[in-house]
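Residues per chain are reported as follows:
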Amino acid sequence: MTREEALRAIDANVKNQNLIKHMLATEAIMRALALKLNEDESVWGMAGLLHDIDVDICHDDMSCHSKIGADMVAKMGLSPEIVHAILAHNGAHGVPLESSLDKALYCADPLTGLITAGALVRPDKKLAGVEANSIRKRFKEKSFAAGANREQIASCSSLGLELEEFFALGLAAMQSVSRDLGL
Ligand SMILES: [Fe+2]
């Protein structure tokens, strides 16, 4: 499946534009992680891009979310490693994180929310002026972007990444697609 085909599948299944932006942000971070860890950028990017394709369909029901999505991407012909990463990224199912791809998607997903919130509190609401150091400070403020699960973000350690490194990588990745994110 090409990226264009994946974007068309997202358009057909996801109405929430903020959710689409979140998927694009996750794609960017996943590509950057793959580059850093000498993994396949297009495979990791595709997992990030498609990981929440079922959220509208599941109406935010966490017992449904990611099971339907995994079935959908399997039917689209994507590789078993992508299917597993998408299934496992919702911790509610208790599917263990096995591969590096599983672990990367799990920690990248909530980082997008923390970084987006870091941009939205700025007067210009842009990512350009956000610094990794401010993300680090916001990470410690539990009430800031409370939905961005801190333990899940901190699980970047399972990939051998320090939090500071992960913030810098994630921020740069999202800044590189800031236009698509509207930030
Ligand atoms: Fe997500």
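The structure presented is a predicted model; accordingly, all values stated were derived computationally and were not measured.

Peer 1: Mind laying out the environment of Met 76, listing which residues take part and the relevant values?
Peer 2: In this structure, Met 76 sits in the loop between helix H5 (67-75) and helix H6 (80-88). The spatial distance from the C-alpha of Met 76 to the C-alpha of Ala 6 is 9.0 Å, given a sequence separation of 70 residues. Residue contacts for Met 76: discarding those within four places in its chain leaves Met 1, Ala 9 and Ile 53.

Peer 1: Quick rundown of the coordination of the iron ion? Include the residues and the values.
Peer 2: Listed as protein donors to the iron ion are His 22 (NE2), His 51 (NE2), Asp 52 (OD) and Asp 109 (OD); their distances from the metal cover 2.1 to 2.2 Å. For the iron ion, the 4 donor atoms in the first shell make angles of 81 to 169° at the metal, so the coordination geometry reads as irregular. With a relative accessible area of 17%, His 22 lands in the buried category.

Peer 1: Quick one: what's the story with the side chain of Asp 109, residue by residue and with numbers?
Peer 2: By the secondary structure assignment, Asp 109 is in helix H7 (residues 100-120). No salt bridge is formed by the buried Asp 109, whose closest oppositely charged neighbour, Arg 150, lies at an N-O distance of 13 Å. A polar atom in the side chain of Asp 109 sits 3.2 Å from the side chain of His 51. Those residues in contact with Asp 109 that lie beyond four places of it in its chain are His 22, Thr 26, His 51, Asp 52, His 89 and Gln 152.

Cut-off values and rules
Residues numbered from 1 in each chain as written. Predicted model: local features only at pLDDT ≥ 70, side-chain atom pairs only at ≥ 80, totals over all residues. Heavy atoms only, no water. Helix = DSSP H or I, 4+ residues; strand = E, 2+ residues; numbered from the N terminus. Contact = heavy atoms within 4.5 Å. Donors = N, O, S within 2.8 Å, 3.2 Å for Na, K, Ca; no water. Tetrahedral: all angles 85-135°; square planar, octahedral: opposite > 155°, others 65-115°. Buried < 20%, exposed > 50% of the residue type's maximum accessible area, 1.4 Å probe, protein only. Lys, Arg positive; Asp, Glu negative; His and termini not counted. Salt bridge = Lys/Arg side-chain N within 4 Å of Asp/Glu carboxyl O. Polar contact = N/O pair within 3.5 Å; in protein donor to acceptor, adjacent residues only side chain to side chain.

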